[in-house]
Amino acid sequence: MTKRLLPFLLWLLMFVPAAAATAATAAAAEPPDRLIERLSNEILERIRTDAALKAGDRKKLDELVDNTVMPHVDFRRMTALSVGRNWRTATPEQQQQLMDEFRALLIRTYAGALSSVADQKVRMRPLRANPQDTDVIVRSEVVQPRGEPIQLDYRMARRTDGWKIYDVNVLGVWLVETYRTQFAQEVSTGGIEGLIRSLSEKNRQPAANGKT
Amino acid sequence: MKPAPRASRPNPRRSLRAWLAAGAWLGAAWLLGGCATPGSPAAARDPFEPMNRVVFQFNDTIDKAVLEPVATGYQDYVPENLRIAIGSVFGNLADLWTAVNQLLQGKPLEALSDLSRFVLNSTLGVAGLADIATPMGLEKHHEDFGQTLGRWGVPSGPYLVLPLLGPSSLRDAPALIPDYRGDLVTAIDSKGERNNAYLLRVIDTRARLLRAERLVEGAALDRYSFIRDGYLQRRRNLVYDGNPPEEPPPAYDPEDDPEAPGASGDAPASAPASAPRTDENR
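None of these values were measured; they are calculated from a predicted model.

**Side note on the overall build of chain A**
Move 1: Each helix and strand counted, chain A has 7 helices and 5 strands in total.
Move 2: Each helix and strand of chain A, ordered N terminal to C terminal, gives the series α-α-α-α-α-α-β-β-β-β-β-α.
Move 3: For chain A, the proportion of contacts with a sequence separation of at least 24, taken over those separated by at least 6, is 55%.

As structure tokens, then:
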């Protein structure tokens, strides 16, 4: 009996500390995939229940983005990655302007898409990561009543105050990778100032409306 | 809808020549494709950019003049339920070719699932008017011959904008020929009905792109390169069914990542000292 038990005890001794450590870190920060699942459901629920938000109301959307989304986004890194190596040449004021304009552009873009939110559900795809990873891709998809599911993935990095999103993938297209070319084109013709100008002009154009 | 027997069997000399041409084309895709991955500089992905931009402009003009107004009218005046049914019928016809491509890509289970979709929706779903297979757990997929070639290892090759057909690549463009052959609408006997079906499908597809188009309109600083980069990334993602390789971070050059944790000295305290930092080119 004891002979049988011994390997089991040894196994237990080896793994208990590891398991305890994992549990401790999990408590310290919500795992990235759990965070995405919770956030996605929260946001879908908010849009579904708030008619003004669904219609793309800017004030409500700003409030949702600032209070619910942004705390979990490393937007500085997202903007820096999109600008690429030119980011270093920008002054702190220009960096702030770039972040503000980029944020406005993204909000404008998504505002029109909210009206199509109805009975979609978020389904998480398996997370392929090790517990000690500090940089992961979280995969999810939005399941619709008709048609193929919409793939939505996130690059996330672990920071002291939890996991932060720094890139988003919609239907296989990464946001940063796509904007990198867009921004580089503007910088190559007009420098950082030119990029800021193009972005703010774009943002001042009448917004694409969300009507179908 | 039984596939119609072809009027004349292709003569062997002709089909040999077609195969040679296809081989040469794929060889070119191989040669030019090595450097044409989505992450590479725009010049490598799009060596034909000046020509492509001209064709893009041409397509855009025609679209704005004819197709977009028609698609908008279709969306405004045809009741939603009818539009959904029409979309389902074409979607159902496409499922059979998707199943064939699943098989060619060595995915027998997916092939079986898509074939089941086609059978169920064609019968119980009344010629595909209703998609009853999706609620039964058989999810819709889309596979075409370009994806099959990609699965077989043919790289995308340079980006191409085809007249009227739009974004494509050196690999995907010739793949449209097998796609055309495998298209069940092509098998409709009566020429008039066939052309009506084509026309309706084009309008249906365009109407479904109206929303996406507005999104691009709002999001892009340069629509041409935005659509190009989106197309190439999306196709690569489709070839790998949503799980493209070599994607785990770092996908971005550390040089381009000035705000990465560690780059500015604020490494997360929780990172074990022994683990290599992910942004240091593992």
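Still more to cover.
**Some words on the overall build of chain B**
Move 1: The number of helices and strands found in chain B is 10 helices and 2 strands.
Move 2: Ordering the α and β elements of chain B from the N terminus gives α-α-α-α-α-α-β-β-α-α-α-α.
Move 3: Of all 282 residues assigned to chain B, the portion counted as buried reaches 29%.
Move 4: A separation threshold of at least 6 residues defines the contact pool for chain B, and within that pool the share at least 24 residues apart is 65%.

**Quick notes on the confidence of the model for chain B**
Residues and elements named next belong to chain B.
Move 1: On average, chain B scores 84 in pLDDT, and the residues at 70 or more come to 80%.
Move 2: Low pLDDT, under 50, characterises residues 265–282; the stretch is placed with 31 contacts to residues that sit more than four places away or in other chains.
Move 3: If you check the scores for this complex, the pTM reads 0.80 and the ipTM reads 0.79.

**Some remarks on unusual backbone geometry**
Move 1: Of note, the phi angle at Leu171 of chain A is positive, near 55°, even though the residue is not glycine.
Move 2: Within the element layout of this structure, Leu171 of chain A appears in the loop between strand S4 (162–170) and strand S5 (173–174).
Move 3: Note on Leu171 of chain A: 18 C-beta atoms within 10 Å, which makes it partly exposed.
Move 4: Phi is positive for Leu164 of chain B, close to 65°, though the residue is something other than glycine.
Move 5: Structurally, the position occupied by Leu164 of chain B is in the loop between strand S1 (159–162) and strand S2 (166–169).

**Let's talk about the environment of Gly157 of chain B**
Move 1: Within the secondary structure layout, Gly157 of chain B lies in the loop between helix H6 (145–151) and S1.
Move 2: Residues Gly157 of chain B and Leu170 of chain B, 13 residues apart in the sequence, show an inter-C-alpha distance of 5.1 Å.

**A short note on the sheet that holds strand S3 (residues 150–159) of chain A**
All names here are of chain A.
Move 1: The strand order across the open sheet built from 5 strands is S1-S2-S3-S4-S5, with neighbouring strands paired in antiparallel fashion. For this open sheet the edge positions go to strand S1 (121–124) and S5, each flanked by a neighbour on one side alone.
Move 2: Two strands pair when backbone bridges link them, and strand S2 (residues 135–143) and S3 are joined in this way by 8 bridges, in the antiparallel orientation. Each bridged residue has a counterpart across the sheet, and for Asp135 the counterpart in S3 is Ala157.

**Re the confidence of the model for chain A**
Move 1: Model confidence for chain A is summarised by a mean pLDDT of 85, while 83% of its residues fall at 70 or above.
Move 2: Ranking the helices and strands of chain A by mean pLDDT puts helix H5 (residues 75–83) of chain A first, with 96, and helix H1 (residues 2–28) of chain A last, with 56.

**Topic: the packing of H5 of chain A against helix H7 (residues 175–204) of chain A**
All names here are of chain A.
Move 1: Closest axis-to-axis distance for the H5/H7 pair is 7 Å, and the angle between their directions is 50°. Relative to H7, the element H5 lies oblique. Contacts between H5 and H7 involve Met78, Leu81, Ser82 and Val83 from the former and Val176, Tyr179, Arg180 and Phe183 from the latter.
Move 2: In terms of residue class, the contact of H5 with H7 is built from 6 nonpolar, 1 polar and 1 charged.

**A look at the nonpolar core**
Residue and element names in this part refer to chain A.
Move 1: Ranked by internal contacts, the top residues of the largest apolar core, which has 32 residues, are Leu81, Val138, Met156 and Leu195.
Move 2: Looking at this core, the elements that each hand over two or more residues are H5, helix H6 (92–111), S2, S3, S4, S5 and H7.
Move 3: Here this core takes 8 residues from H7, the largest share from any one element.
Move 4: Residues contacting Leu195, with those up to four places away along its chain left out, are Phe183, Glu186, Val187 and Gly190.

**Details of the interface of chain A and chain B**
Move 1: Contact residues are listed per partner, giving 45 residues for chain A and 48 residues for chain B.
Move 2: For the side of chain A that touches chain B, the secondary structure elements donating two or more residues are H1, H5, H6, S2, S3, S5 and H7 of chain A.
Move 3: The biggest single contributor to the side of chain A that touches chain B is H7 of chain A, with 8 residues.
Move 4: Here the side of chain A that touches chain B is composed, by residue class, of 14 nonpolar, 17 polar and 14 charged.

**Observations regarding the packing of H7 of chain A against helix H10 (residues 223–239) of chain B**
Move 1: H10 of chain B packs onto H7 of chain A with a crossing angle of 155° between their chain directions and a minimal axis gap of 9 Å. Taken together, the axes of H7 of chain A and H10 of chain B are roughly antiparallel relative to one another. Every pair of crossing elements has a handedness; the one defined by H7 of chain A and H10 of chain B is right-handed. Every residue of H10 of chain B that contacts H7 of chain A at Glu177, Thr178, Thr181, Gln182 and Gln185 of chain A is listed here: Ser225, Phe226, Asp229, Gly230 and Gln233 of chain B.
Move 2: Its residues placed into classes, the contact of H7 of chain A with H10 of chain B shows 1 nonpolar, 7 polar and 2 charged.

Conventions adopted
Residues numbered from 1 in each chain as written. Chains lettered and ligands numbered in written order. Predicted model: local features only at pLDDT ≥ 70, side-chain atom pairs only at ≥ 80, totals over all residues. Helix = DSSP H or I, 4+ residues; strand = E, 2+ residues; numbered from the N terminus. Contact = placed C-beta atoms within 7 Å. Buried ≥ 20, exposed ≤ 12 C-beta atoms within 10 Å, placed from the backbone. pLDDT = per-residue confidence, 0-100. Pairing = 2+ DSSP bridges. Axes fitted to C-alpha atoms, helices over the stretch in contact; angles between N-to-C directions. Parallel < 35°, antiparallel > 145°, perpendicular 65-115°, else oblique. Nonpolar A, V, L, I, M, F, W, Y, C, P; charged D, E, K, R; others polar. Core = buried A, V, L, I, M, F, W, Y, C linked by C-beta atoms within 7 Å. Left-handed = near helix turned anticlockwise from the far one by under 90°.

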